[in-house]
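Read off the chains here:
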Amino acid sequence: MANLILILGDQLTTNISAFEGADPGCDKIVMAEVHNEASYTNHHKKKLVLLFSAMRHFAQQLEKDGWQVHYQHYHPDNKHQSLEGVVSSLLEDLRPEKIITTECGEWRLHKEVCHWQKGLNLPVEIRPDTRFIASKQEFANWAKGRKQLRMEYFYRDMRRKTGLLMSPENSPEGGHWNFDADNRRKWSGKPPAPAPFRVEPDAITLDVIDLIEQHFPGHFGTTEDFHFAVTPEDAGEALNYFIEFALPCFGDYQDAMSDHEDWLFHSILSPYINCGLLDPLTVCEAAARAWYAGQAPLNAVEGFIRQILGWREFVRGIYWLHMPGYAQENRLGNTRALPWFYWTGDTKMRCMHKAIDATRRNAYAHHIQRLMVTGNFALLAGVKPEEICDWYLAVYADAYDWVELPNVLGMVMHADGGYLGSKPYAASGKYIQRMSNHCANCHYKVSKSTEPDACPFNSLYWHFIDRHRADFERNPRMSMMYRNWDKQRPEKREALLNRANYLLEHLEEL
Ligand code: FAD
Ligand code: DLZ
């Protein structure tokens, strides 16, 4: 008897476990564009275009390859607006023996699918997502008994497991596990950054753009200049393009920001890796080959591989180990609402304006913008984790709860009490000045702290340090900050706190 195989919008590959043992002659594939998934957050319009178009291309390819596919195109009047509704509507006609699916990336949907078997009165086989390098159990075993988790040690295990950048003697290539110290250069415009890889929209993508414009007008961002890949072939070309043109400088300028360049030397591959168009291990192997072939230096290649083999796997492990409780964490007791300018980019702070405006146009901002600009500001201002997490989940083409939540709640907001990261990434305007040219074009003066035109990051930084003394004073990585704060004259400290209090009361006006 036939099985019904459900493929989700972020599972767009036949290498997904749900396909294992499937028979094109008898099993039926179901894919559906549904309101519930398209609107559980205010998804960026470009993310909706990317996913619906990639889903349609994938379904078309499956049909060409001889699979029977039931595909629901989005329409607000569709009878079934949830995945369960679509699946249940097929059962009477198809009478499958069971439903097969690969586990969802997000707790929200996973919880629902786990109840389907009872509701649909049919076996539902949920298979593990083998696209990840470490299984959930493997990560849980590694984490067992550790009070704090450190990505670096997990990453070394993943290097050993995959053999990536390991010498024949099983030691790290180049003699070190990590070349991060070499990866902190400011970018002055040279060498020029490559333009992002572009795919011009085909007829399917153009149809989807019209659909999103018509039915999702209130969603964040714009569909203008959509140039993402929507097929595995084009995503593979995006990978080749990155390896050839950006990877050689990826390491040097990994932490840099620019007033004139949105993408710098980043790969822009996360939207594809996360929805199944690219396989994470294949991406790492391609980067490693570039080093062995002498096409890119080790600091770049190791730094890039660490992001995927280390950070990406690490945050996913933490997510599944601690959900659903993790989403409720707020150890710094933040209560402030997210300022409205996160949705408009309408702020005189140049770095914030640039990061949010790029996000609105591109559904993309690179890591340092997310961490040290929009994230840092939310941390310093004491924004409620729930509100800033909702923002990050909505605005990026690569955003899914399993990767967004640990990055925002753990890495940026330190709301898990330091479980994911050993210290908060709090920084004053000096850091932004050191790594970018934003400050030269800013309304605020990074050299000032207490005056009306002083950079808000400066006094907010000291306010953060002061108000969280009990949380961080004994953290060895923070003690120097407290010594510096205590060394300042009392009048200076008071002026800084007064200025920060004023800013906190007038956040919307910044
Ligand atoms: P590159 O800089 O070229 O890095 C290469 C790859 O490494 C990325 O494609 C990605 O797959 C992986 N990677 C790098 N850093 C991380 C990380 N911290 N966690 C997981 N994977 C990583 N990444 C997402 O995929 N989805 C998110 O929703 C997301 N939200 C984030 C929110 C915040 C506050 C922060 C600080 C980081 C977030 N990241 C997220 C991680 C990272 O910023 C993005 O993966 C990266 O910017 C994507 O751009 P890129 O493909 O050009 O990455
Ligand atoms: C993100 C997303 C969107 C916007 N739309 C759909 C959809 O219509 N149909 C679908 O199957 N998947 C969609 N997705 C991806 C799911 O939200 C994703 O599979 C879950 O969040 C689990 O990671």
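Structural data are supplied above this passage.
The structure displayed is predicted, hence computed values, not measured ones.

Asker: Run through the overall build of the protein, naming residues and quoting values.
Answerer: For the protein, the count of helices and strands is 21 helices and five strands. For 510 residues, the compact-globule formula gives about 24 Å, and the C-alpha radius of gyration of the protein, at 24 Å, lands near that figure. In terms of overall dimensions, the protein has a C-alpha envelope of 80 × 55 × 45 Å along the principal axes. Here the protein holds 510 residues, and the buried ones make up 59% of them. Restricting to contacts in the protein with at least 6 residues of sequence separation, those with at least 24 account for 77%.

Asker: So, the site of ligand 1: which residues are in play, and what are the values?
Answerer: Within the structure, ligand 1 sits among 29 residues, and H266, S267, I268, N274 and Y364 are positioned closest to it. N274 places a polar side-chain atom, nitrogen or oxygen, 2.9 Å from an oxygen atom of ligand 1. N407 has a polar side-chain atom sitting 2.9 Å from a nitrogen atom of ligand 1. Out of a free accessible area of 810 Å², ligand 1 has 99% covered by protein chains.

Asker: Requested: an account of the site of ligand 2, with residues and values cited.
Answerer: Within the structure, ligand 2 sits among 20 residues, and D10, A32, V34, E37 and E106 are positioned closest to it. Measuring from an oxygen atom of ligand 2, one finds a side-chain N or O atom of E106 at 2.9 Å. Put simply, the parts of the chain that give the shell around ligand 2 at least two residues each are α1 (35-38), α2 (45-64) and α4 (107-120). Sorting elements by how many residues they give to the shell around ligand 2 places α2 first, with four residues. For the shell around ligand 2, the per-class residue count stands at 12 nonpolar, three polar and five charged.

Asker: An account of the sheet that holds strand β2 (residues 28-32) is requested, with residue identities and associated values reported.
Answerer: Pairing is parallel across the open sheet formed by five strands, whose spatial order is β3-β2-β1-β4-β5. Each end of this open sheet is capped by a strand with a single partner; those strands are β3 (68-72) and β5 (124-127). Each neighbouring strand pair of the sheet contributes to a mean axis angle of 25°, computed without reference to strand direction. Looking at chain direction, strand β1 (residues 3-6) and strand β4 (residues 98-102) are connected through four bridges and run parallel. Bridging across to β4, L6 finds its partner in T101. Packed onto the sheet, α2 meets β2 and β3 and runs at close to 155° relative to β3. Running at roughly 165° to β5, α4 makes contact with β1, β4 and β5 of the sheet.

What counts and how
Residues numbered from 1 in each chain as written. Chains lettered and ligands numbered in written order. Predicted model: local features only at pLDDT ≥ 70, side-chain atom pairs only at ≥ 80, totals over all residues. Heavy atoms only, no water. Helix = DSSP H or I, 4+ residues; strand = E, 2+ residues; numbered from the N terminus. Rg over C-alpha atoms; globule rule 2.2 N^0.38 Å. Buried < 20%, exposed > 50% of the residue type's maximum accessible area, 1.4 Å probe, protein only. Contact = heavy atoms within 4.5 Å. Near = heavy atom within 4 Å. Polar contact = N/O pair within 3.5 Å; in protein donor to acceptor, adjacent residues only side chain to side chain. Areas by Shrake-Rupley, 256 points an atom, 1.4 Å probe, with all protein chains shown as cover. Nonpolar A, V, L, I, M, F, W, Y, C, P; charged D, E, K, R; others polar. Pairing = 2+ DSSP bridges. Axes fitted to C-alpha atoms, helices over the stretch in contact; angles between N-to-C directions.

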